[in-house]
Structures are given as structure tokens and as C-alpha cells.
Amino acid sequence: MKIKNIIVLIVVLGGFGLMGYLYIWYGKAFKANLQGWDENEYIYVRESDTFDKVYSQFKAYLKDPKGFEEIAEQRSYPYSMSAGRFRLKNGMNSYDITQALRVNIPVKVTYNNQERIENLAGRLATQIEADSLSILEAFTAHKFLEDNELTKENVLVAFVPDTYEFYWNVNPIKMRNKLYNEYMRFWNDERKAKAEELGLSPIEVSILASIVQKETTKIDERPKVAGAYLNRLKLGMPLQADPTLVYAYKLYTGDFDEKIYRVYNKHKEIPSPYNTYLNTGLPPGPIFMPDKNAIDAVLNAEKHDYIYFCASVDRIGYHEFAKTLAQHNVNSAKYHTYLNQSGIR
């Protein structure tokens, strides 16, 4: 009987011990542990990051750091960490935290109106893990350009401004391919047909759209400006687009941060394929990343007989259009008088 009682006692004590352990473990795993965390912040984990580096991002906000460490160890998190962007919320327990650190949260990637492919790479690098150099290399890879009949000068048109969803740790090549697929989707049969009616390729439409958008910020005026440029192309005359001179000058000096408020005759003499005063036709690439609206403005250009236009003095932001050079010279003289009187150099 004594032996039996001892066994029963051992079982009872063992049961209480197990219950105590489970109670303590449950507390460490399921009691709220995160407090004071800024829920607008994210945890960013690189493939090369150690557990300590990741843990240091939120350790100070844990009520029971030791408890979290034990649960993380039991769930093998230090040995099977996932790269990506993760979201934590106040009131999470240790179990929730380890679970959340395995759920990669996509990031909204947005860009518009970049001047060069280098600028686009830099813009994207601020929103995902990859650096600008690796993005630039992926976006200008020789095979990618060759397979899609693109060049380093015009590849910028292949990335239509918008907001896209990616994982923070997305591979630059995978990002490039998705963005290019979106570009191909944008150029549906209807848009392609309109481009063909104009005698332009989709790339050429985008190049012209970049000039149109730089020429006018007024969305309602873009089809009219596009119509004037298309008239010049049909006549075989130079586009004579001042925005292309600004771009040519920046290429010439290598300074894309310089602000140029006025174009002079000296700018018209810069030897560059982007100088549309010296060269006929379109430049080899866009001078700017055109919006979808600017592209559609070219595709739906206004049909008229205007060939010339210059900035309006009476309607700031808009332009005065002319059918003859004589009429244009009158408008131009008025505008240059306004610039001089305003001290714009």
C-alpha cells in the first residue's frame, strides 16, 4: 500500500507540476507582450540579418523579453527567419509576434515623372530592399532590351507611372518583368490602333508624350499641343520643342539638378540628338516619364491647323497658338517682353 500511495503521490505531484509548467508557458506564449509600439512602423528583415538584429528592432517594447525569447526558440524562429516587411501590433503576445514575423506584408510602390532611368532606379530603391544599382542593372540588361526591342535611351517608356504592389524584398528582375507586363497591358489593341493611325510606334508616342507633358501642365491643353507637334512631324519640320533643349543641355553639362527657367539661342546650338531645333523627327528617347494622360493626349490629339505656339501672357500656364509664322512672332514677342519685365532669366 505504501508503494502504491507513493506512486499516486508522485503522479499527483507530477500533474500539478505539469499544470504549473503549462500555466507558466501559457503566460509566456499568450499574454499580451507588446506595448508602446508605433503601429505605422514595420520590421524589415534582410536575408543576411541575424536574429539579434531583428530582435533589437522591437525588444524595447516587450513587457517580457525573456518570455518572447523562449517562445521564439520553441518555435524555431531564430533558425527559420523570413526576409521581408512585417507588421506588429500592440497587445500581441509572444506567439502572435513570431507568427507575424513570418507574414510578409506587401508594399505599395509608386513613381511618376522621372527624368531618366537612373532616377527611376533611385526612386524604387527608396521603397524596396534592392539598391538603385541592382535595379538599374536589371532594367537595362542587354538581353531584356534586345528581347523587347528597347534601348537604354528609350527604356524609360516601358515603365508606366502608377502604383504597384510588391514584396519589399522583391528581386529587381521580377519587379522589372511585372512592370513591363503592365506596360504591355496598357498598350491594348485600341491604343496600338490609334498609334498606327498616327504613323507612330508605341515607343514614339511615349517619346512625344514626354515632350507634350513637359510643354504644358494643363491636362485640357495637352491634346491641342500634341496636335501642333504632330502637324510639324507631318510637314517634316523640326519639332523645335524647348523642353528638349533643356534636356539636351542637362545631358551636355551632366547636371540634372540645375533649374532652367528660360531657353536662349545658345541652347539651340547644343550638339545633341535631343536638340529638336537642329534635328528633325523625334529624339531617341523620352525627356521625361509621361503620365498615362499625356500618352492618351497624343493618341487622341486634337485635329487643327496650328503649327506654332508659345506661352500665354494672359492665361498663365496655357499657350497661344498660331497657324502662321507671322502670327506666332507677334505672340512670341509679347511673351518675351513679359519675361524681361518680370526679370525671369
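Preceding this section is the structure that the text describes.
Residues numbered from 1 in each chain as written. Predicted model: local features only at pLDDT ≥ 70, side-chain atom pairs only at ≥ 80, totals over all residues. Heavy atoms only, no water.

Caption draft 1: View of the overall build of the protein. Helices and strands together make up the secondary structure of the protein, namely 14 helices and six strands. The C-alpha radius of gyration of the protein comes to 31 Å, more than 25% above the 20 Å expected for a compact globule of 345 residues. Across the 345 residues that make up the protein, the buried fraction comes to 41%. The contacts of the protein with a sequence gap of at least 6 include a subset with a gap of at least 24, amounting to 64%. When the accessible surface of the protein is summed, it comes to about 18,900 Å², and 52% of that surface belongs to carbon and sulfur atoms. When the 43 basic and 42 acidic side-chain charges of the protein are each reduced to a single mean position, those positions are 5 Å apart. (Helix = DSSP H or I, 4+ residues; strand = E, 2+ residues; numbered from the N terminus. Rg over C-alpha atoms; globule rule 2.2 N^0.38 Å. Buried < 20%, exposed > 50% of the residue type's maximum accessible area, 1.4 Å probe, protein only. Contact = heavy atoms within 4.5 Å. Areas by Shrake-Rupley, 256 points an atom, 1.4 Å probe, with all protein chains shown as cover. Lys, Arg positive; Asp, Glu negative; His and termini not counted. Charge placed at Lys NZ, Arg CZ, Asp CG, Glu CD.)

Caption draft 2: Representation of helix H6 (residues 132-139) in the model. Among all positions in H6, only Ile135, Ala138 and Phe139 are buried. Axial view of H6: buried residues confined to an arc of 95°, hence all on one face. Taking the backbone nitrogen of Leu133 as reference, a side-chain oxygen 3.2 Å away marks Asp131 as the first, capping residue of H6. (Arc of directions from axis to C-beta. Polar contact = N/O pair within 3.5 Å; in protein donor to acceptor, adjacent residues only side chain to side chain.)

Caption draft 3: Local environment of the pattern of salt bridges. Scanning all chains against the criterion turns up ten salt bridges. Residue Asp296 is joined to Arg191 by a salt bridge in which the shortest nitrogen-to-oxygen separation is 2.9 Å. Linking Asp296 in helix H13 (residues 292-299) with Arg191 in helix H9 (residues 189-198), this pair joins segments that are 105 residues apart in sequence. (Salt bridge = Lys/Arg side-chain N within 4 Å of Asp/Glu carboxyl O.)

Caption draft 4: Representation of the nonpolar core in the model. Ranked by internal contacts, the top residues of the largest apolar core, which has 62 residues, are Leu120, Phe139, Phe159, Met175 and Tyr229. Non-local contacts of Tyr229, meaning those with residues more than four positions away in its chain, are made with Leu208, Ile211, Val212, Glu215, Leu239, Ala241 and Phe309. Grouped together as the second largest cluster of nonpolar side chains are 18 residues, Trp37, Leu88, Met92 and Ile97 included. (Core = buried A, V, L, I, M, F, W, Y, C linked by side-chain atoms within 4.5 Å.)

Caption draft 5: Inspection of helix H12 (residues 242-253) at higher detail. If you check H12, its first and last C-alpha atoms are 17 Å apart, about what twelve residues at 1.5 Å a residue would give, namely 16 Å. Restricting attention to buried positions, one finds in H12 the residues Pro243, Thr244, Leu245, Val246, Tyr247, Ala248, Tyr249 and Lys250. Those residues of H12 that are buried are in contact with helix H10 (202-215). (Expected span 1.5 Å × (residues − 1).)

Caption draft 6: Layout of the side chain of Thr276. Examined against the element boundaries, Thr276 turns out to sit in the loop between H12 and H13. For Thr276, the side chain forms a polar contact with the side chain of Thr244, separated by 2.7 Å.

Caption draft 7: Fine view of the environment of Leu278. Following the sequence through the fold, Leu278 ends up in the loop between H12 and H13. Counting along the chain gives 21 residues from Leu278 to Leu299, while the straight-line C-alpha distance between them is 26 Å. Once residues within four sequence positions are removed from consideration, Leu278 is found in contact with Lys268, Glu269 and Ile270.

Caption draft 8: View of the environment of Ala141. Tracing the chain through its elements places Ala141 in the loop between H6 and helix H7 (142-147). The class for Ala141 is partly exposed, based on a relative accessible area of 25%. The sequence separation of Ala141 and Lys152 amounts to eleven residues, and the corresponding C-alpha distance is 9.1 Å.

Caption draft 9: Spotlight on the environment of Pro290. Residue position: Pro290 is located in the loop between H12 and H13. What makes Pro290 buried here is its relative accessible area of 4%. Spatially, the C-alpha atom of Pro290 lies 9.4 Å from that of Glu115, the residues being 175 residues apart in sequence.

Caption draft 10: Structural detail: the packing of aromatic side chains. Taken as a whole, this structure holds 21 aromatic pairs when the rule is applied. Ring centres 5.5 Å apart and planes at 85° place the aromatic pair Phe144 and Tyr180 in the edge-to-face group. Remark: Tyr180 occurs in helix H8 (residues 172-186) and Phe144 occurs in helix H7; sequence separation between them is 36 residues. Comparing Phe144 with Tyr180 shows no difference in burial state: the two are buried. Ring geometry for Tyr180 versus Tyr183: centroids 5.5 Å apart, planes at 35°, classification tilted. In this pair, Tyr180 and Tyr183 both sit in helix H8, three residues apart, roughly one turn of the helix. According to the relative accessible area criterion, Tyr180 is buried, its value standing at 11%. (Phe/Tyr/Trp six-rings, centres within 6.5 Å; stacked < 30°, edge-to-face > 60°.)

Caption draft 11: Representation of the packing of H9 against H13. Put simply, H9 and H13 touch, their axes get as near as 9 Å, and they point 50° apart. Comparing the axis directions of H9 and H13 gives the class oblique. The residues of H13 that touch H9, namely those facing Arg191, Lys194, Ala195 and Leu198, are Asp296, Val298 and Leu299. Across the contact of H9 with H13, the residue classes tally to four nonpolar, no polar and three charged. (Axes fitted to C-alpha atoms, helices over the stretch in contact; angles between N-to-C directions. Parallel < 35°, antiparallel > 145°, perpendicular 65-115°, else oblique. Nonpolar A, V, L, I, M, F, W, Y, C, P; charged D, E, K, R; others polar.)

Caption draft 12: Expanded view of the packing of H10 against H12. Two elements in contact, H10 and H12, have axes separated by 8 Å at closest approach and are oriented at 100°. Between H10 and H12, the angle falls in the class roughly perpendicular. Along the contact surface, H10 presents Ile211, Lys214 and Glu215, while H12 presents Asp242, Pro243 and Thr244. Split by residue class, the contact of H10 with H12 holds two nonpolar, one polar and three charged.

Coordinates in, geometry out; function isn't part of it.
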